[in-house]
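Take a look at the letters that make up each chain.
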2 protein chains.
Amino acid sequence: MSKKVFSALWAEIEAIGRVSGGGYIRYALDGPDLVLRDWFRNQADRRDMPVTDDGNGNLFAWWGDQWGRGAVLTGSHFDSVPHGGGYDGPLGIVSAFLAIDQLRAAGHQPSTPLAVVAFVEEEGGRFGLPCLGSRLLSGAIDPAKAAALTDRDGITFGEALGATPAGPLPGLKSRFGALVELHIEQGRQLAEPVGVASAIWPHGRWRFDFTGHGDHAGTTKMADRRDPMLTFAYTVLAANKEARLSGAHATMARVEVEPNATNAIPSLVRGWLDARAADTATMDALVEAVTKRANDRAGRDGTDVRVTAESVSDEVTFDTALATRLSALLDDAPILPTSAGHDAGVLSAQVPTAMLFVRNPTGISHSPAESADHADCALGVDALARVLSELT
Amino acid sequence: MSKKVFSALWAEIEAIGRVSGGGYIRYALDGPDLVLRDWFRNQADRRDMPVTDDGNGNLFAWWGDQWGRGAVLTGSHFDSVPHGGGYDGPLGIVSAFLAIDQLRAAGHQPSTPLAVVAFVEEEGGRFGLPCLGSRLLSGAIDPAKAAALTDRDGITFGEALGATPAGPLPGLKSRFGALVELHIEQGRQLAEPVGVASAIWPHGRWRFDFTGHGDHAGTTKMADRRDPMLTFAYTVLAANKEARLSGAHATMARVEVEPNATNAIPSLVRGWLDARAADTATMDALVEAVTKRANDRAGRDGTDVRVTAESVSDEVTFDTALATRLSALLDDAPILPTSAGHDAGVLSAQVPTAMLFVRNPTGISHSPAESADHADCALGVDALARVLSELT
């Protein structure tokens, strides 16, 4: 398809949720995300695709029987990390609608139902648990537990959704024949315009609660302090060192401090560890090493550490036969792994799943500097249309 | 006076602004602080003391000529650090009203005007600059600059005050004969119920802006990162080490992260250094050493650091003759320095100033665990009444 056609549809959503600095704040089920969900319904209407949701906040626009057997799904998510990029997620939804336009223009008659899907809360940017929508749909999380997750203002997911989530879709394995998620690549691994995913690194989030003694920053002698900020700072550096030593990735990028006042030694510093590795054993060893070093330092600081796993995802190997088939179909497109989590990874446990990646020229993501060339995006739509034509 | 009388008046304000966890959130000119300011006016009314303000948000309740020559001031502040203690500040105001009751009961006729004062924004907990009210009153800060200071919601001090601050009081040196601020002691330096201050350590706040490259925490290779959280963490530990080496105090207790998401390497980490020492040369050398180490580490992390002094206060030596006189009057009460800043320290540059300290059994302050024995507080009122009787 032409770059111009892609750019025209892209322009409809480009400004939604963009804030100063050029990044996006699109929290699930909040302001801009609600606008994008309305846009989704309008796009479906324009194409005579009825929209239903699954009771978990995930939207489905149907070409063919709703919830029919062996349906092929394609899509991604609208929500962003705070001040994230605009392509991470929405590219897969915009490309899905455009691929359907191509299939119809070519006179394709799908042999199975086809649905465009918008998963809710993929980033965990609002309620803290990534891939919440796909976890609910596939039964990977208890609906009551999901309903109780809170955002920064104390609003629960259940309140934002307006209901307790419905939970897993009955007969999911027979209803869904395949899922293909198109996504911007998030590293510098892809030299071609389009690639096919092989696997997702195991990854997870661990919350570290460092507790000490709140006191006056001016008057408390250094020797009398029990300052949890010191233990946190040491753990940040330890996580970085351990990841480098083991060839894994570790990041402590989020922190909350109580009371977070310049002149008050904190009573609590809460930091989150994001850890990922090529295999689960390496990731587990990394988290264990960081936890041990945090505890050792806490002993010296007179503080305490409690570590809670908030979400841990095992390694995902996408359907190898499907990936090989799609690569061949796409003129031997490169097959590559990723260390980013995706809804496709969650569903791959139950549904034959594949991902297409569109080239990321700088490799930057989760940042306002994320970008994609619209010529590559148009080639991504072409590839997705060929894949959907083959699968339906 | 009896402990019971003290406790009865104390009980009137004890619950105002107290939050779960037992600490107080009393931000200047916001909810609970406005209630406390109304309480101040009511207390003054009960005692037939007319209340005026100085156009800067500081309240004065007068016994004798308003703004008359050689007035003796006593009081403190209502505002707290977030989740701070209840005694830091309000103890001085409650004690001032009770001391006046004692003087009147004893038939004392003051020879000069006497005023109870409530200074605004002493902690800098809302607008970031400590002792804002006393700085304005004494001309230590430009009123336009003070008016433009913003809180976390973007509200300016001028908006909260409802006007541009009036700035320095004309003829301040002749209008005010003395200031006596009673305050809870904030370390473990005072073994007697009541002591007299000798000096305040030089102290200040420096903002460190660490900037890097925002990117995806999962996909960005460790070697490709420019993560400002690492530079921040190193600086936290460096500040602690440098303070221990030099016998000074250094704390990094407040941090802001952009975007502060678990799965996004930050583009910005902003941390505040609170540094204090027995002399200015030691404090300056400490800040210089921390800044150098932060810059060295930034070079290795591929990040940048910008350091901004937000407020720096030189050493304060309170009027030595006055301190000696008050100590003698109070049965040789101990004379001790403090490393906490106070409005009395700001005004001491222009007005003969003294501070009385009430014993702190645990030494904890700026924390919900701050406490005082009401028997000691009653002795504090007695001491303040003797001092005011002597000075007026």
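Bear in mind that the values here come from a model prediction, so they are computed numbers and not experimental data. Throughout this description, residue numbers start from 1 for each chain and increase along the sequence as written. Chains and ligands are labelled sequentially in the order written, the chains with letters from A and the ligands with numbers from 1. Only residues with pLDDT of 70 or above have their local features reported here, since the model is predicted, and side-chain atom pairs are shown and tallied only from 80 upward, although totals for entire chains, interfaces and linings are computed over all residues. The side-chain quantities take in all heavy atoms of the structure and omit both hydrogens and water.

K.L.:
Would you mind showing me how to read the UniProt feature "binding site: allantoate" (unreviewed entry) in chain A here?
P.N.:
The UniProt entry lists Arg 205, Asn 263 and Arg 276 of chain A under the feature "binding site: allantoate" (unreviewed entry), expressed in the numbering used here. For the annotated residues, spread through 72 residues, the largest C-alpha to C-alpha distance comes to 36.0 Å, inconsistent with a single compact locus. The numbering of helices and of strands both runs from the N terminus, where a helix is a DSSP run of H or I of at least 4 residues and a strand a run of E of at least 2. Tracing the backbone shows Arg 205 of chain A in strand 7 (residues 203-211). A distance of 3.2 Å separates a polar atom in the side chain of Arg 205 of chain A from the backbone oxygen of Gly 128 of chain A. With respect to the helices and strands, the residue Asn 263 of chain A is situated in the loop between strand 9 (249-258) and strand 10 (264-265). Contacts: residue pairs with any heavy atoms within 4.5 Å of one another. Those residues in contact with Asn 263 of chain A that lie beyond four places of it in its chain are Asp 215, His 216 and Ala 217 of chain A together with Val 81, Glu 123, Arg 205, Asp 274, Arg 276 and His 366 of chain B. UniProt positions are given in the numbering used here, feature names are shortened, and annotations may be inferred rather than shown by experiment. The term polar contact refers here to a pair of N or O atoms within 3.5 Å; inside protein, the definition further demands a hydrogen-donor-capable atom paired with an acceptor-capable atom, and it admits residues adjacent in sequence only when both atoms are side-chain atoms.

K.L.:
Explain the packing of aromatic side chains to me, please; I cannot follow it from the model alone.
P.N.:
All names here are of chain B. For this analysis, a ring pair means two rings from Phe, Tyr or Trp (six-membered ring only for Trp) whose centres lie within 6.5 Å, classed as stacked if their planes differ by under 30 degrees, edge-to-face if by over 60, and tilted for the remaining angles. Under the criterion given, the structure shown has 28 aromatic pairs over all chains. Judged by centre distance (6.3 Å) and plane angle (90°), the ring pair of Phe 40 and Phe 78 falls under edge-to-face. Placement of the pair is Phe 40 in helix 2 (residues 31-46) and Phe 78 in the loop between strand 3 (71-77) and helix 3 (90-105), with a sequence separation of 38 residues. Three labels apply to residues, based on accessible area from a 1.4 Å probe with only protein chains included: buried if under 20% of the type maximum, exposed if over 50%, partly exposed otherwise in between. A relative accessible area of 2% places Phe 78 in the buried class.

K.L.:
I tried to follow the domain arrangement of chain A on my own but got confused; where do I start?
P.N.:
One widely used convention gives an interface's size as the accessible area the parts lose upon coming together. Residues and elements named next belong to chain A. Residue ranges for the domains originate in an automatic or database domain assignment. When its domains are assigned, chain A resolves into domain 1 (3-201 + 315-391) and domain 2 (203-313). On a C-alpha basis, the centroid separation for the pair domain 1 and domain 2 is 33 Å. Contacts between the two partners involve 13 residues from domain 1, matched on the other side by 13 residues from domain 2. A 1.4 Å probe defines the accessible area here, and the buried area is the portion of it lost by two parts on being joined, summed over both. Overall, the association of domain 1 and domain 2 removes approximately 1100 Å² of surface from exposure, summing both partners, and the carbon and sulfur fraction of that is 42%. Among the residues domain 1 hides against domain 2, the three largest losses belong to Trp 201, Glu 315 and Ser 339. Together they make up 53% of the total. When a carboxyl oxygen of Asp or Glu is within 4 Å of a side-chain nitrogen of Lys or Arg, the pair counts as a salt bridge. Where domain 1 touches domain 2, the interface holds zero salt bridges.

K.L.:
Whenever I open this one, the sheet that holds strand 11 (residues 268-276) of chain A confuses me. Can you help?
P.N.:
Within a sheet, adjacent strands bond to each other through the backbone by hydrogen bonds, running parallel or antiparallel. Residues and elements named next belong to chain A. With antiparallel pairing, the four strands of this open sheet are ordered in space as 9-11-7-12. In this open sheet, the two edge strands, each paired with only one partner strand, are strand 9 and strand 12 (304-313). Within the sheet, the average angular offset between the axes of one strand and its neighbour, ignoring direction, is 20°. Lines fitted to C-alpha atoms define the axes, with helix axes restricted to the stretch in contact, and inter-axis angles between N-to-C directions lie between 0 and 180 degrees. Strands in contact with helix 9 (residues 280-301) are strand 7, strand 9, strand 11 and strand 12; relative to strand 7, the strand with the most contacts, it is inclined by about 5°. Paired strands, in this sense, are two strands between which DSSP finds at least two bridges.

K.L.:
Where do I start with the pattern of salt bridges in this structure?
P.N.:
It is possible for side chains bearing opposite charge to pair when their charged atoms get close. All names here are of chain A. Summed over the entire model, instances satisfying the criterion amount to 36 salt bridges over all chains. Across the salt bridge formed by Glu 256 and Arg 254, the nearest N and O atoms sit 3.2 Å from each other. Overall, Glu 256 belongs to the partly exposed group, its relative accessible area being 30%. The partner of Asp 331 in a salt bridge is Arg 386, and the shortest N-O contact between them spans 3.6 Å. Within this pair, whereas Asp 331 is found in the loop between helix 10 (320-329) and strand 14 (335-338), its partner Arg 386 is found in helix 12 (residues 374-391), the two being separated by 55 residues in sequence. The partly exposed category is assigned to Arg 386, whose relative accessible area is 38%. By sharing partners, the salt bridges in this structure join Arg 207, Asp 209, Arg 254, Glu 256, Arg 270, Arg 306 and Glu 310 into a single network.

K.L.:
Is there a simple way to explain the interface of chain A and chain B in this structure?
P.N.:
In this complex, chain A contributes 62 residues to the contact, which on the side of chain B involves 62 residues. For the pairing of chain A and chain B, the buried interface totals around 5200 Å² over both sides, and the portion due to carbon and sulfur atoms is 56%. Joining chain A to chain B, the criterion identifies two salt bridges. Arg 188 of chain A is the partner of Asp 224 of chain B in a salt bridge, and the nearest nitrogen-oxygen pair spans 3.2 Å. If you list the elements that add at least two residues to the side of chain A that touches chain B, you get strand 8 (215-216), helix 8 (228-246), strand 9, strand 10 and strand 11 of chain A. The greatest single-element share of the side of chain A that touches chain B, amounting to 10 residues, is contributed by helix 8 of chain A. Classifying every residue of the side of chain A that touches chain B by side-chain character gives 27 nonpolar, 21 polar and 14 charged. Polar here means any residue other than Ala, Val, Leu, Ile, Met, Phe, Trp, Tyr, Cys and Pro, which are nonpolar, and Asp, Glu, Lys and Arg, which are charged; Gly is therefore polar.

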